[in-house]
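Analysis of the macromolecular model
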Amino acid sequence: MAPRVVTVEADGGSRGNPGPAGYGAVVRDAETGEVLAERSESLGTATNNVAEYQGLIAGLTAAAELGAAEVDVRMDSKLVVEQMCGRWQIKHPGLRPLAAQAAGLVGRFAAVRFTWIPRDQNRHADALANAAMDAAAGRPTSTGAAAPVVGSDRATAPAVGSDPATAPASWEPRPTFTATRLILVRHGETEYTEQRRYSGRGDVPLSEKGRAQVRETATRVAALAPTVAAVLSSPLSRCTATAAAIAGALGDVPVRTEDDLIECDFGQWEGRTFAEVREGWPGEMDAWLASPRVAPPGGESFTHVAERAHRVVAGLLTAYPGETVVLVSHVSPIKLVLRDALAAGDGFLHRLFLDAAGISVLDMWPDGGVAVRTVNDTSHLAAL
């Protein structure tokens, strides 16, 4: 039987800030204190705050997998606790996507409570985080159960994002890092695109105009990035056809389909226009427009789509550090990636328009920095 209430103890840190980083998280039965799950991972080079947020995300994910209804989060990071409670603003752009992902996980529970604790009361998670930092730094780690650690050797300098007055701006040079560049491409036009119909999981092929757009888009992407490490695509044919053209223009880079890049499931609204949905489901439409946690009847919420998109981005940052990757997807996943990169509110999702075959470009640094360079570039389609 799944525990109704669990306690999540989470921690993270880096040696150098940024430097070799890792996190640890422990999930306990709130009543008995029994350890139900442990999570830890090395993060390569990152800041203290990034590692702390990753520890929180790992702990909440483990609690959700256990089927918990309520969570008591205990962390020795004052920054994370205060920001998640809404008392401190999240001014550093590198932390906003992580906080958004954590907030999305919080929404999966009936209640989540955050409490700051001194580090000596967070020894288990601290020990897991230190072992992960050892691994990131290439140091040998102890075998067996992790020994409690009080006062790790993580950096004591102010963490990036901990002091809004001193946090670096997103344009500050980062000479020791190379950004991972993501080129986000919406598929070419389909019959549904032209008719302004909701097009989710239905496999609607490219139209004649869409195929022409794709050819121009492939040429544009090749000019933007002559060297690309990977091309990922939604499994739907309108995307795989777009991705294949881009890969060919790049010199036959292999295309990998990624299920998490698929469009939002619009359920009963699939194939209908906005006007038809407004007439048939007025109340449901209002609720959907008001909150990303609301799904269309029989469909999927934007919150869930955001979780999928974040998994893809996080995986790419790990697999292709400092390289360029092309993602061919749909309106909803691309909007959600851009929302988090721009630290925008949920209203952004219904105000940003993404054209068929539009291109957006963003850079992401290992210290959490993000720079959005282009949004919905369609200059290559001017002649069509």
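These notes cover the structure that comes with them. Per-chain numbering applies: the sequence of each chain, read as written, is numbered from 1 onward. At least 70 in pLDDT is required for a residue's local features to be given in this predicted model, at least 80 for side-chain atom pairs to be given and counted, and no such filter applies to totals for whole chains, interfaces and linings, which use all residues. Where side-chain values are given, they derive from all heavy atoms of the structure, hydrogens and water being excluded.

**Observations regarding the pairing of strand E10 (residues 359-364)**
Looking along a regular strand, one sees side chains alternate from face to face of the sheet. Spelled out, the test is: We call a residue buried when its accessible area falls under 20% of the maximum for its residue type, exposed when it is over 50%, and partly exposed in between, using a 1.4 Å probe and counting protein chains only. By the criteria applied, helices consist of DSSP H or I runs no shorter than four residues and strands consist of E runs no shorter than two, each listed in order from the N terminus. In this analysis, strands are considered paired if DSSP registers two or more bridges between them.
The buried fraction of E10 amounts to 6 of the 6 residues, a majority that puts the element mostly inside the structure. Neither face of E10 is exposed, since Ile-359, Val-361 and Asp-363 on one face and Ser-360, Leu-362 and Met-364 on the opposite face are all buried. Bridge count between strand E6 (residues 180-186) and E10: 6 bridges; the pairing is antiparallel. Bridging across to E10, Thr-180 finds its partner in Met-364. Bridge analysis of E10 against strand E11 (residues 370-377) gives 5 bridges, and the strand direction is antiparallel. For Ile-359, the partnering residue across the bridge sits in E11 and is Asp-377.

**Brief notes about the packing of helix H3 (residues 96-106) against helix H10 (residues 302-319)**
Keep this limit in mind: Note on geometry: axes are lines fitted to C-alpha atoms, helical ones only across the stretch in contact, with angles between N-to-C directions running from 0 to 180 degrees. With respect to orientation, any angle under 35 degrees is reported as roughly parallel, any angle over 145 as roughly antiparallel, any angle of 65 to 115 as roughly perpendicular, and every other angle as oblique. Take the far helix as the reference: if the near one is turned anticlockwise from it by less than a right angle, the crossing is left-handed, and if turned clockwise, right-handed. The contact criterion used throughout is that any non-hydrogen atoms of two residues lie within 4.5 Å. Residue type decides the class: Asp, Glu, Lys and Arg count as charged, Ala, Val, Leu, Ile, Met, Phe, Trp, Tyr, Cys and Pro as nonpolar, and the leftover types, Gly among them, as polar.
Contact geometry for H3 and H10: axes closest at 10 Å, N-to-C directions at 130 degrees. Taken together, H3 and H10 sit at an angle that is classed as oblique. Crossing geometry of H3 relative to H10 is assigned as left-handed. Residues Pro-97, Leu-98, Gln-101 and Gly-104 of H3 form the contact with H10, whose own contacting residues are Thr-303, Glu-307 and His-310. The class makeup of the residues in the contact of H3 with H10 is 2 nonpolar, 4 polar and 1 charged.

**Comments concerning the sheet that holds strand E9 (residues 324-329)**
Hydrogen bonds between backbone atoms are what pair the strands of a sheet, whose relative direction is either parallel or antiparallel. Taken in spatial order, the 6 strands of this open sheet run E8-E7-E9-E6-E10-E11, and their pairing is mixed. Each edge of the sheet is formed by a strand with only one pairing partner; in this case those strands are strand E8 (255-257) and E11. Strand after strand, the sheet turns through a mean of 20 degrees between neighbouring axes, direction not considered. With 3 bridges connecting them, strand E7 (residues 230-233) and E8 associate as parallel partners.

**What about the packing of aromatic side chains?**
The condition is simple: Stacked, tilted and edge-to-face are the three classes applied to pairs of Phe, Tyr and Trp rings, where Trp contributes its six-membered ring and a pair requires centres within 6.5 Å; stacked means planes under 30 degrees apart, edge-to-face means over 60, and tilted covers the rest.
Taken as a whole and judged by the stated rule, the model has 7 aromatic pairs. For the pair Tyr-198 and Trp-288, a centre-to-centre distance of 6.0 Å together with 80 degrees between the ring planes defines the contact as edge-to-face. Taken together, the positions of Tyr-198 in the loop between helix H5 (191-194) and helix H6 (208-224) and Trp-288 in helix H9 (residues 282-290) put the pair 90 residues apart, joining distant regions of the chain. For the pair shown, Tyr-198 and Trp-288 are each scored as buried. Relative to Trp-288, the ring of Phe-266 has its centre 6.5 Å away and its plane inclined at 80 degrees; by these criteria the two rings are edge-to-face. Here Phe-266 is found in the loop between E8 and helix H8 (274-280), whereas its partner Trp-288 is found in helix H9, with 22 residues between them in sequence. In this pair, the class of Phe-266 matches that of Trp-288, namely buried. Ring pairs connect the aromatic residues Tyr-198, Phe-266, Trp-269, Trp-281, Trp-288 and Phe-302, which therefore count as one cluster.

**A few points about the packing of H10 against helix H11 (residues 331-341)**
Where H10 contacts H11, the axes come no closer than 9 Å and their chain directions differ by 75 degrees. Looking at the two axes, H10 sits roughly perpendicular to H11. Between H10, through Phe-302, Val-305, Ala-306, Ala-309 and Val-313, and H11, the contact on the second element is made entirely by Ser-332, Pro-333, Leu-336, Val-337 and Arg-339. Along the lines of polarity and charge, the residues of the contact of H10 with H11 split into 8 nonpolar, 1 polar and 1 charged.

Nothing here speaks to function; it is all geometry.
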